[in-house]
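One letter stands for each residue in the lines below.
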Amino acid sequence: MSLTNNQNVLKWVDEMVSLCKPENVVWIDGSKEQLDALRKEAIETGEMIELNQEKLPGCLYHRTNPNDVARVEDRTFICTRKKEDAGPTNNWCDPQEMYAKLSKLYDGVMKGRTMYVIPYSMGPIGSPLAKVGVEVTDSIYVVLNMQIMTRMGADAFKNLGDVSNDFVRGLHSKADVNPEERYIVQFPEDNTIWSINSAYGGNVLLGKKCFALRIASFQGKNEGWMAEHMLILGVKKPDGEIKYITAAFPSACGKTNLAMLIPPEGYKKDGYEVFTVGDDIAWMKPGEDGRLYAINPENGFFGVAPGTNEKSNPNALHCTMKDTIFTNVAINNDDMTVWWEKLDKNPPVNATEWKGAVVNGVEYTAEGNTLAHPNSRFTAPAVNCPCISSEFNNPAGVPISAIIFGGRRASTTPLVYQSFDWTHGTYMGSAVSSETTAAATGAVGVLRHDPMAMKPFIGYNVGDYWNHWLEMGEKLGDKAPKIFNVNWFKQDENGNFIWPGFGDNMRVLDWIIKRCEGTVDADETAIGYLPKKGDINVEGIEDEVTPEIMDKLLDVDKELWTKEIAEMRRYYDDDIKAKGGNVPQALYDELDKIEARLNK
Ligand code: GTP
Ligand code: SPV
Ligand code: MN
């Protein structure tokens, strides 16, 4: 039985049924009975493994094909009628050609399978910033993940109404998980996403990267708002005021961790608290008062498991204690609980590693293997988060005071600095580069440009995207958030991180908030405003962060920065402009200004 009278939805689902030819079609209403039945079925078929229901109530485990463990950027396409509209950061193909090619792959792909029709809302149902999507899929894993990650079920259709055509059409089939025929394709001009031959995370939970960033960034440009790869957090100060901050870091560079930060003891004692609004995606629009407001379009966290522990991120760990799906971590066979690298120092002896082999976990890890895949993840409901913001479901969103960019940089980039203004901040965002991580397939640890941490997610021409940033700044005027850059990952000669990071990042947020309030001065340098000596509070970590280390953390090395600027010029010229990206003149001007200041 379909859950809507909306003819646009019904017609599209009919078309998908004719194409994929499933044995059954099941409309997902989001009811407990339906979900329980799906869980039971997935456990019976082995698609999901039931974990210890006393220690981890409601938790399930899933293992993906070893060839299918991360986003596949080389197989991700933006299909616009004109090639230049996809721009130099995207793979492009003509939409008609792509539809034709993929239609052959989808033809009859669900024979003997069930097609699940998932209505969902990105953003609180009823929020003026929210949008509706429908995903059809042949994967129960996708249904169960979408239930955690989105507002899924019949209510989403209620919000769409009977006549609207404003919903994103997502077609997913795991097919036979063939990496040679894997495609993650966005058709922004049609509000359509087609994904095939994967069953992993960002490739298949189509509400997330495909819709909430690639399609939504395109919608945002046309409709005057922004879709960004940003966490959203609130910092409650001792005076009770809460300041909201967003931060864009590339995949696996610390968004979930910062979003759930627990302040160091001294800060706690003073009354500081951090609340999580979102850990991965922000949709932002100017509000009636002219300030920039952000909502988190998601309803859960698809977080990196390795590295998450009682010390680094107790809040995230707590999120995973019930109703969570674990993907590609290790299983402790003795009690059917889960384990991953750095959860603790005791890998289970009787373990099943992420590919499914039963091993002695102590010996296996001693030989240098990892029990969990580096990009193994937990899918946990936002309501599980001990520090979830009271504004999480606020349809109006939260007003943003500061925007932070960052990445993994072993050298060059200081711990924190502030842009001179919005345009310079947009330059800083365009200049984000970061060492690659396991979140996407390919080599790890290679420095690459990742503008605004959005390289894999901008659904249109990056030059137009930068221009949209500049226009948003003009619209916001003096109400625009202040823009900062941070780097938690600076290293010493031996490759050790010299900043403790995690909870201690509160010390940097503190400086950022004071800059927003105008209560702390800064040094004007060639690259931006830097903290004055002594203005980053190191109380309690003086042994670790000595004055010499702080000097290193805040160093602006003229030689390295001269190289950095030359590389940016090359990047704008060769990687963007020469390949059809329209780099705004204002950004070239920023380059000139930084260069002139460096040479002064
Ligand atoms: P995506 O979900 O892929 O978008 O990743 P993310 O940006 O949310 O990254 P996440 O917070 O999951 O962190 C990824 C990795 O970075 C984990 O292994 C963390 O332990 C590590 N990490 C996070 N914050 C810090 C930090 O402040 N310092 C250091 N050294 N590592 C950190
Ligand atoms: C990322 O890679 O930025 C993620 C994980 O948040 S995925 O959903 O796979 O994109
Ligand atoms: Mn992400």
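Residue positions are given per chain, counting from 1 as you read along its sequence in written order. Working convention: letters from A go to chains and numbers from 1 go to ligands, in the order in which they are written. Residue-level local features of this predicted model are given only where pLDDT is at least 70; pairs of side-chain atoms are given and counted only at 80 or more, and the full residue set underlies all totals for whole chains, interfaces and linings. Working from all heavy atoms in the structure, the side-chain values ignore hydrogens and water.

Visitor: What's the story with helix H17 (residues 585-599) in this structure? I'm lost.
Guide: Since the α-helix turns once every 3.6 residues, residues separated by three or four places project in the same direction. Helix and strand definitions follow DSSP, with helices as H or I runs of at least four residues and strands as E runs of at least two, each counted in order from the N terminus. Multiplying 1.5 Å by the residue count of a helix minus one yields the expected span of that helix. Across its 15 residues, H17 extends 21 Å between first and last C-alpha, which sits within 8% of the 21 Å expected from 1.5 Å per residue. Exposure categories follow from relative accessible area, calculated using a 1.4 Å probe and restricted to protein chains: below 20% of the type maximum is buried, above 50% is exposed, and the middle band is partly exposed. Regarding H17, the residues found buried are Leu587, Tyr588, Glu590, Leu591, Ile594 and Leu598. In a view along the axis of H17, the buried residues occupy a sector of 155°, so they form one face of it. Away from its buried face by more than 90 degrees, H17 exposes Gln585 and Asn599. Of the surrounding elements, those touching the buried residues of H17 are helix H12 (422-430), helix H13 (462-476) and helix H16 (558-576). An arc is given here, and it is the one of the directions from the helix axis to the C-beta atoms. Only heavy atoms matter for contacts: two residues are in contact if any of them lie within 4.5 Å across the pair.

Visitor: I keep staring at the sheet that holds strand S21 (residues 337-339) and nothing clicks. Help me out?
Guide: Note on sheets: strands pair through backbone hydrogen bonds, and any given pair is parallel or antiparallel. Reading across from one edge, S21-S20-S22-S23 is the order of the four strands in this open sheet, with antiparallel pairing throughout. Both outer strands of the open sheet, S21 and strand S23 (358-360), are each paired with one neighbouring strand and no more. Across this sheet, the average inter-strand angle for adjacent strands is 40°, counted without regard to direction. Should DSSP find at least two bridges between two strands, the strands are taken to pair. As judged from the two bridges shared by strand S20 (residues 330-332) and strand S22 (residues 350-352), these two strands associate in the antiparallel manner. Convention adopted: a line fitted to C-alpha atoms gives each axis, helices being fitted over their contacting stretch, and angles between N-to-C directions are expressed from 0 to 180 degrees.

Visitor: What should I look at first to understand the nonpolar core in this one?
Guide: Generally speaking, nonpolar side chains in soluble globular proteins are found buried as a group. Counting residues in hydrophobic clusters, the biggest one holds 129 residues, and the most contacted among them are Trp283, Tyr427, Trp466, Trp469, Trp499, Ile512 and Tyr572. Top element by residues in this core is helix H4 (residues 140-149). It accounts for eight residues. Apart from the residues within four sequence positions on either side, tryptophan 466 is in contact with Thr426, Ser430, Pro451, Met452, Tyr571, Tyr572, Ile576, Val583, Pro584 and Leu587. We call a set of buried Ala, Val, Leu, Ile, Met, Phe, Trp, Tyr and Cys residues a nonpolar core when their side-chain atoms join them within 4.5 Å. In this structure, Tyr99, Tyr106, Val132 and Phe157 belong to the second largest nonpolar core, which totals 31 residues.

Visitor: Just to check I follow, could you spell out the coordination of the manganese ion (ligand 3) for this structure?
Guide: Ideal coordination angles are 109.5 degrees for a metal with four donors arranged tetrahedrally and 90 or 180 degrees for a metal with six donors arranged octahedrally. Metal donors were taken as nitrogen, oxygen and sulfur atoms no farther than 2.8 Å from the ion, or 3.2 Å where the ion is Na, K or Ca. Water is excluded, so coordination may look unfinished. Binding of the manganese ion (ligand 3) to the protein goes through Lys209 (NZ), His229 (NE2) and Asp280 (OD), at separations of 2.1 to 2.5 Å. Site shape is set this way: if four donors have all angles between 85 and 135 degrees, tetrahedral; if opposite donors are over 155 degrees apart and all others between 65 and 115, square planar for four donors and octahedral for six; otherwise irregular. Coordination at the manganese ion (ligand 3) is irregular, judged from the six donor atoms that bind it and the angles of 64 to 174° they form at the metal. Taken in chain order, the donor set of the manganese ion (ligand 3) reads K-x19-H-x50-D. Here histidine 229, found in the loop between strand S12 (226-228) and strand S13 (230-236), pairs with aspartate 280, found in the loop between strand S15 (273-278) and strand S16 (282-286); they are 51 residues apart in sequence, far enough to count as distant. Its relative accessible area of 0% is what places histidine 229 among the buried residues.

Visitor: Explanation requested: H4 in the structure shown.
Guide: Along H4, nine of the 10 residues are buried, which leaves the element largely enclosed by surrounding structure. Looking only at H4, the buried set comprises Ile140, Tyr141, Val142, Val143, Leu144, Asn145, Met146, Ile148 and Met149. N-cap assignment for H4: the residue whose side-chain oxygen lies 3.2 Å from the backbone N of tyrosine 141 is serine 139. Pairing of N or O atoms within 3.5 Å defines a polar contact, subject to two protein rules: one partner must be a possible hydrogen donor and the other a possible acceptor, and residues neighboring in sequence count only if both atoms are side-chain atoms.

Visitor: Quick question: what am I supposed to make of the site of ligand 1 here?
Guide: Nearness here has a simple test: a residue counts as near a molecule or strand if at least one of its heavy atoms is within 4 Å of that partner. Around ligand 1 sit 22 residues in total, of which Ala252, Lys255, Thr256, Asn257 and Arg377 are the nearest. Asparagine 257 is positioned with one of its side-chain polar atoms (N or O) 2.8 Å from an oxygen atom of ligand 1. Phenylalanine 502 places a polar main-chain atom, nitrogen or oxygen, 2.9 Å from an oxygen atom of ligand 1. For ligand 1, the protein covers 91% of the area, taking 650 Å² as the surface of the free molecule. Of all elements in the fold, only helix H8 (255-259) and strand S18 (300-304) reach the threshold of two or more residues within the shell around ligand 1. Side-chain classes follow a simple rule in which Ala, Val, Leu, Ile, Met, Phe, Trp, Tyr, Cys and Pro form the nonpolar group, Asp, Glu, Lys and Arg form the charged group, and the remainder, Gly included, forms the polar group. Taken together, the residues of the shell around ligand 1 sort by class into 10 nonpolar, eight polar and four charged. No fewer than three residues from each of domain 2 (228-299 + 390-555) and domain 3 (301-384) sit in the shell around ligand 1. Computed with a 1.4 Å probe, the accessible areas rest on the Shrake-Rupley method; for each residue, only the protein chains presented here act as cover. Domain start and stop points were drawn from an automatic or database domain assignment.

Visitor: Explain the site of ligand 2 here, please?
Guide: The environment of ligand 2 is made up of Arg71, Gly202, Lys208, Lys209, His229, Ser251, Asp280, Phe302, Arg377, Ala439 and Phe457. At 2.9 Å, a side-chain N or O of arginine 71 approaches an oxygen atom of ligand 2. Here an oxygen atom of ligand 2 sits 2.5 Å away from a polar atom, N or O, in the side chain of serine 251. Within the complex, 98% of the 290 Å² of free accessible area of ligand 2 lies under protein. Classifying every residue of the shell around ligand 2 by side-chain character gives three nonpolar, three polar and five charged. Lining the shell around ligand 2 are residues from two domains, each supplying at least three of them: domain 1 (7-47 + 72-224) and domain 2 (228-299 + 390-555).

Visitor: What is the right way to read the environment of glycine 407 from this model?
Guide: By secondary structure assignment, the location of glycine 407 is in the loop between strand S25 (398-406) and strand S26 (416-418). Owing to a relative accessible area of 8%, glycine 407 belongs among the buried residues under this scheme. The sequence separation of glycine 407 and glycine 503 amounts to 96 residues, and the corresponding C-alpha distance is 17 Å. If sequence neighbours within four positions are ignored, glycine 407 has contacts with Pro250, Ser433, Ser434, Val486, Asn487 and Phe489.

Visitor: Explanation requested: the pattern of salt bridges in the structure shown.
Guide: Close approach of charged atoms allows side chains with opposite charge to pair. Salt-bridge detection follows one rule: a side-chain nitrogen of Lys or Arg within 4 Å of a carboxyl oxygen of Asp or Glu. Following the criterion strictly, the structure yields 37 salt bridges and no others. The partner of glutamate 595 in a salt bridge is arginine 569, and the shortest N-O contact between them spans 2.8 Å. One end of the pair, glutamate 595, is in helix H17; the other, arginine 569, is in helix H16, with 26 residues separating them in the sequence. Given the relative accessible area of 29%, glutamate 595 is considered partly exposed. Where salt bridges share partners, they join Lys208, Lys209, Lys255, Asp280 and Glu298 into one cluster.

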